[in-house]
Amino acid sequence: MATTGASTLFDKLWRDHAVCELDSGETLVYLDRIFLHERTGAIALQGLRAAARPVRTPQQVFCTMDHIVDTFPGRGDETLMPSGKDFIVATREETAAVGVRLFDVDDPDQGIAHVISPELGLALPGLSLVCPDSHTCTLGGIGALAWGIGSSEAEHAMATSTLRVKKPKNLRVCFEGALSPGVTAKDMVLHLIATIGANGAAGYAVEFAGSAVRALPVEARLTMCNMAVEFSAISAVIAPDEKVEAYFHGRPHAPQGEDWQAAVEYWRTLRSDAAAQFDREYRIDASTITPSVTWGTSPEQAVATAGQVPDPDCIADPGRRAAAQRALDYQGLRPGQPIDSIAIDAAFIGSCTNSRISDLRAAAAVLRGRRLAAGVRGVVVPGSRGVKRAAEREGLHELFTAAGFEWRDAGCSMCFYAGGETFGSNQRVISSTNRNFEGRQGPNTRTHLASPETVAASAVAGFITSAAALADMGEPVQ
Amino acid sequence: MKAFTRHSGVAAPLRRRNIDTDAIIPSREMKRVSRHGLGEGLFAGWRYTLPGGREPNPEFVLNRPEYSAASILLGGDNFGCGSSREHAVWALAEFGIRAIIASGYGAIFYTNCVRNGVLPVCLPDADVEALAQLVESDPQANPVAIDLERGEVRCGTFCKPFEMDSASRHMLLHGLDPISLTLQSDAEIVRFEGARRARFGWAFSPLKSNASEGSQDVEKMKSTES
Ligand code: SF4
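What you see is a predicted model, and the numbers here were worked out from it, not measured in a lab.

(A) View of the sheet that holds strand β8 (residues 162-165) of chain A. Residues and elements named next belong to chain A. On the basis of which strands lie adjacent, the open sheet formed by three strands has the order β1-β2-β8 and antiparallel pairing. Whereas interior strands pair on both sides, the edge strands pair on one side only; in this sheet they are β1 (18-21) and β8. On average, adjacent strands in this sheet sit at an angle of 20° to one another, irrespective of strand direction. Pairing analysis gives four bridges linking strand β2 (residues 27-30) to β8, with the strands arranged antiparallel. Residue pairing for β8: Leu 28 is matched across the bridge by Arg 164.

Now the structure itself:
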């Protein structure tokens, strides 16, 4: 907390949502929006019903079908996940019973919670939003106070429109300077986590700032904040600016007329005061960041695409060394192996990290005039039906399918394995997602996290490589 | 919620960094729309020889006879990172785990533990390591005792104090229901909401019609940016 009277952006958002301080040392934080999904939403609503507790304000609550729903074209309630349909049906029944707006399987606005909430203007700068999903911190990218919660907390949120939370400390990460061409927000955040560690922001709300962050388009800011939970941050936030205003103007649920003027006026106050004190600060020279990829099973195990798999023997910390050894065994890699010698079996573009229209455009630009390498499977899953329609208007779907990719309907899809679809055991996937944990994309599936550009370039090359390195290998045949 | 005052039991060392909630309960094991029936799926990827199978992997710590009655886990740093799934804690509780001792936790997992009467104890990593070594020498003869009232972990000659934020400690000691507690502040919530509505009407105005509204005019929706 600032002692100078100057406040951080996070402090301002917190202050404007603090109902009262509790004797326990927690703050009662007011919630403007609550988002649910079919993986856990029905359980929370059932819990409330069992306790005979009403949803305090159903109009605040939204629910989407994203985690379990199939992404094959023409899908219905059936899913490849055994019992998946039970979750879908229960979610439909429970939300209808309490009058919660559901973005159902066939809704034109359906999509991943963290993609549709800003896209529809349901998440807005200055609002608080929680969702029983850890990547809710994504919405900090537009200047919302947003964080992920568990099911019990979701019940609390719906029953009271509040949560009891201990205020996190303030951390600021400043990326200063210009990014090199071809370096993305995904590379920035992978670089950060690899440098500081996957637990680097434990106990903190992180503000991403600096000239390189200000230069990012809005969707890239969402990508950056999405990964904040992989950095152990409780929440992340980026000061909203005129790009964010332009992004929201005219969105379906965004305020209009006088409300819009009032909202924008408030949003312009949402920035850390010059004299604000942070409990911790990191500064990163953006010009040193290169396209990055994970080699291991934690997001902190990342290197430059032009680099090598590290040697565990050279890691001083015994815990990290053991983790690195274990990761190499799981991933089937050798110490010192050049990253661009790692052959891949599949390429996945999707997830709440990188499935927005700008991500699809970036990947498509790499793929134009090129094809998947022989034997490599490629899957593109738009984050929402809105993104899907926009991509199809631009003809991106034709570009993807011409390159040999599958073009899917919206959802989380193979970002994680729920018992249904998977890339398969020992399959190596270059993926635009956020988690490379053991088994995340299926039992014994090996995941390498990267930007959509790097995923597309690797898919063409057949091994892990950056878009720039692919371009050096020769021009595409038109 | 189940209260936690003190507990003594066999502790099982699972000393890996960054044990994520996908590892604690793989998503494929969350088969029913329920908080129950998850104990069997706990650590399924490590505990069984084959994915989806039920043949115990004899190497995995909780399958070793000396740890079969374990009610405490000794974890590594950043325990329970990753997905927010509360199923991870439900699975641990159903298996019989009453407490975890590690140097750090995923924030959502930590709260989920507290909400379900599972005690997440924080000790420096070197202390957890020392405790693990002591336990490993003879797990049955060296049970670990945790006293939340005193804030103490004991095992033979090992005795270390631990701290816990007062809100979590209070919740656990008394097995409180946070929703009931918060509803006692309802008048304050109503007052706050009224003031917020007066000051930030724009934050509420889009919500009036939501429940009934069908699809948006998505063609007008801007999903592009330069
Ligand atoms: S896309 Fe992946 S990370 Fe995002 S909400 Fe869905 S499963 Fe979670």
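(B) Fine view of the domain arrangement of chain A. Residue and element names in this part refer to chain A. Domain annotation of chain A identifies domain 1 (28-165) and domain 2 (296-472). Summarising the inter-unit geometry, the C-alpha centres of domain 1 and domain 2 are found 27 Å apart. Contact residues are listed per partner, giving 26 residues for domain 1 and 25 residues for domain 2. Both faces considered, domain 1 and domain 2 share a buried interface measuring about 2000 Å² in area, 56% of it formed by carbon and sulfur atoms. When residues of domain 1 are sorted by the area they lose upon contact with domain 2, Thr 71, Ile 112 and His 135 head the list and together hold 30% of the total.

(C) Inspection of the packing of aromatic side chains at higher detail. Going through the model one piece at a time under the given rule, you end up with 22 aromatic pairs over all chains. Between the aromatic rings of Phe 348 of chain A and Phe 423 of chain A, the centroid separation amounts to 6.0 Å while the plane-to-plane angle is 80°, which identifies the pairing as edge-to-face. Taken together, the residues span a long stretch of sequence, with Phe 348 of chain A in strand β15 (residues 346-349) and Phe 423 of chain A in the loop between β17 (405-407) and β18 (428-431) at a distance of 75 residues. In this structure, Phe 348 of chain A and Phe 423 of chain A share a single accessibility class: buried. Ring centres 6.2 Å apart and planes at 80° place the aromatic pair Phe 200 of chain B and Trp 202 of chain B in the edge-to-face group. For Phe 200 of chain B, a relative accessible area of 4% translates into the label buried.

(D) Structural context of empty space enclosed by the protein. The final tally for this structure, using the stated rule, is six cavities of 30 Å³ or more. By volume, the largest cavity is sized at about 240 Å³. If you trace the largest cavity, you find 23 residues lining it, with His 67, Asp 133 and Arg 440 of chain A together with Ser 83 and Arg 85 of chain B closest to the centre. When grouped by side-chain class, the residues that make up the lining of the largest cavity number seven nonpolar, 11 polar and five charged. In this structure, the second largest cavity spans a volume of roughly 140 Å³. Around the second largest cavity, the lining comprises 13 residues; the ones closest to its centre are His 67, Ile 68, Asp 70, Ser 413 and Glu 421 of chain A. Per-class residue counts for the lining of the second largest cavity are seven nonpolar, four polar and two charged. Domain assignment of the residues forming the lining of the second largest cavity places at least three in each of domain 1 (28-165) and domain 2 (296-472) of chain A.

Thresholds, definitions, all that
- Residues numbered from 1 in each chain as written.
- Chains lettered and ligands numbered in written order.
- Predicted model: local features only at pLDDT ≥ 70, side-chain atom pairs only at ≥ 80, totals over all residues.
- Heavy atoms only, no water.
- Pairing = 2+ DSSP bridges.
- Helix = DSSP H or I, 4+ residues; strand = E, 2+ residues; numbered from the N terminus.
- Axes fitted to C-alpha atoms, helices over the stretch in contact; angles between N-to-C directions.
- Domains from an automatic or database assignment.
- Contact = heavy atoms within 4.5 Å.
- Buried area = accessible area lost by both parts, 1.4 Å probe.
- Phe/Tyr/Trp six-rings, centres within 6.5 Å; stacked < 30°, edge-to-face > 60°.
- Buried < 20%, exposed > 50% of the residue type's maximum accessible area, 1.4 Å probe, protein only.
- 1 Å grid on protein atoms, 1.4 Å probe; cavity = no way out; pocket = protein on both sides within 12 Å on 5 of 7 lines; lining within 4 Å.
- Points joined across faces, edges and corners; volume = space filled by probe spheres on them.
- Nonpolar A, V, L, I, M, F, W, Y, C, P; charged D, E, K, R; others polar.

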